[in-house]
Amino acid sequence: MTGRRITQKEVAERAGVAQATVSLILNGGREKVTPETAERIEAAILELGYQPNRFAQALRTKRTYVIACVVPDLANPFYPSLVVAVQKVARAAGYEVVTIDTEGELNNERQVILAAQQGRFDGVVGVFFKTSARDLAPLGKTGVPVVRIEVSRKVGGPLPIDNLFIDNVAAARTLTKHLLNLGHRSIAMIAAPGGPQQVRLQGYLEAMATMGAAPIVLEAAHFTLEGGREIADRLLESGRPVSAIIAANDLMAIGTMQSLAAHGLSVPGDVSVAGFDDILAAALVTPALTTVAQFQDRIGARAAEKLIERLADGASEPGQAEEMPYELIIRASVAPFKGQPEHMHQTREETL
């Protein structure tokens with residue numbers, strides 16, 4: 001009320017604890033005290049309006065108490081829930097989060113690395129589409145820990161870079177086998193350059209090969225609603241018959257469903273459609289979308305936990321890799337094969 005800065009000592013007196021315990025909480029040591037004590041301190045902080053002097057902390061500890069969360073496309077509904085999970089874990093440990101949308105561009109990713117090297121961030125977590133572990137290696141040498149969220153299986157290595165990954169090859173194989181088991185054989189796969197394209201395509205091709213089914217692969221311009229709609233238009237206008245379409249993410253799958261509706265085809269009556277990611281909209285569209293859930297909130301929380309552990313214990317230890325779960329979510333957009341609609345029979349061979 002008076003504009004005077006509240007001190008840690010006053011917070012300690014209000015919470016009935018030692019000042020050192022307040023400092024412990026403010027510096028990410030919540031797990032070192034009882035939950036009741038932590039809650040009393042946090043309540044006192046809120047009641048008194050205490051604000052830590054970040055500048056003084058940075059001078060004392062040589063830390064900014066800021067971490068960077070890198071994503072390739074914040075407009076994609078997959079990423080906001082991941083970012084929120086990172087923020088919750090980081091803030092509980094006393095760190096603020098700066099979210100950076102790199103648009104999946106190499107130069108933008110390099111700018112994040114440079115900023116971290118210059119000391120603007122204590123650590124970096126997120127999705128890098130274009131830069132490699134070797135590009136990130138200089139951060140380990142300067143004591144900046146990195147946790148990458150990867151699209152393919154990884155193993156630990158000498159660099160102090162941790163990896164969380166989904167086995168996208170296995171996930172795509174599982175989804176494709178589900179359609180094959182329903183009797184589909186003319187199954188198209190649509191994706192876009194970069195990101196999970198290659199690993200999800202690999203899983204699709206492996207599953208198709210087990211049944212001797214000919215793959216139909218199309219590449220859209222972007223992993224977006226418009227990208228899915230445009231490439232599906234191209235497929236349908238070619239006259240090539242398909243009974244099912246797998247999109248490399250849910251936005252493309254929903255765009256595909258829009259294209260099918262515009263061409264007078266029903267889902268799943270004429271064509272079954274499936275996607276990846278299980279974004280919120282996947283359960284809200286009609287029909288609800290069959291997809292692969294990756295539990296992005298769990299990924300974000302675990303990535304932040306690993307980064308905080310690195311910040312607490314040092315960034316020089318060899319990197320670790322940890323596999324995260326996926327789950328096939330079966331909804332109404334996929335149905336057993338019932339035969340190809342007459343108006344979709346192929347009259348000539350076309351290159352798509």
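None of the values given here were measured: they were computed from a predicted structure. (Residues numbered from 1 in each chain as written. Predicted model: local features only at pLDDT ≥ 70, side-chain atom pairs only at ≥ 80, totals over all residues. Heavy atoms only, no water.)

Digging into the layout of surface pockets
Counted as a void, the largest pocket has a volume near 580 Å³. In terms of lining, the largest pocket is formed by 29 residues, of which the most central are P72, Y79, F129, P196 and F223. Secondary structure elements with two or more residues in the lining of the largest pocket: α5 (78-92) and β4 (146-150). In the lining of the largest pocket, the residues fall into 14 nonpolar, eight polar and seven charged. (1 Å grid on protein atoms, 1.4 Å probe; cavity = no way out; pocket = protein on both sides within 12 Å on 5 of 7 lines; lining within 4 Å. Points joined across faces, edges and corners; volume = space filled by probe spheres on them. Helix = DSSP H or I, 4+ residues; strand = E, 2+ residues; numbered from the N terminus. Nonpolar A, V, L, I, M, F, W, Y, C, P; charged D, E, K, R; others polar.)

Notes on empty space enclosed by the protein
Inspection of every chain in the model, using the stated rule, returns one cavity of 30 Å³ or more. Its boundaries defined by the atoms lining it, the largest cavity holds a volume of some 90 Å³. Looking at the largest cavity, it is lined by 13 residues, and the ones nearest its centre are P268, G269, D270, P336 and K338. Split by residue class, the lining of the largest cavity holds six nonpolar, five polar and two charged.

Considerations on the pattern of salt bridges
In total, this model carries eleven salt bridges according to the counting rule given. R91 is paired through a salt bridge with E96; the nearest N and O atoms lie 3.8 Å apart. Assessed through its relative accessible area of 47%, R91 is described here as partly exposed. For E96, a relative accessible area of 37% puts it in the partly exposed group. Bridged by salt links that share partners, the residues R302, E305, K306, E309 and E322 form one connected network. (Salt bridge = Lys/Arg side-chain N within 4 Å of Asp/Glu carboxyl O. Buried < 20%, exposed > 50% of the residue type's maximum accessible area, 1.4 Å probe, protein only.)

Focus: the packing of helix α1 (residues 8-15) against helix α3 (residues 35-48)
Any two packed helices are characterised by how steeply their axes cross, that is the angle between the axes, and by the distance between the axes. At their nearest, the axes of α1 and α3 sit 9 Å apart, and the two run at 120 degrees to each other. With respect to each other, α1 and α3 are oriented oblique. The chirality of how α1 crosses α3 is right-handed. Contacts from E10, V11, R14 and A15 of α1 reach α3 at R40, I41, A44, I45, E47 and L48. Residues of the contact of α1 with α3, tallied by class, amount to six nonpolar, no polar and four charged. (Axes fitted to C-alpha atoms, helices over the stretch in contact; angles between N-to-C directions. Parallel < 35°, antiparallel > 145°, perpendicular 65-115°, else oblique. Left-handed = near helix turned anticlockwise from the far one by under 90°. Contact = heavy atoms within 4.5 Å.)

Some remarks on unusual backbone geometry
Cis rather than trans, the peptide bond between V267 and P268 has omega equal to 5 degrees. By the element assignment, P268 lies in the loop between α11 (250-262) and β9 (272-274). Of note in this structure, E103 is not a glycine but carries a positive phi near 60 degrees. Mapped onto the elements of the fold, E103 is located in the loop between β2 (96-101) and α6 (106-117). Even without being a glycine, D277 presents a positive backbone phi close to 110 degrees. Here D277 lies in the loop between β9 and β10 (291-293). The class of D277 is buried, set by a relative accessible area of 6%.

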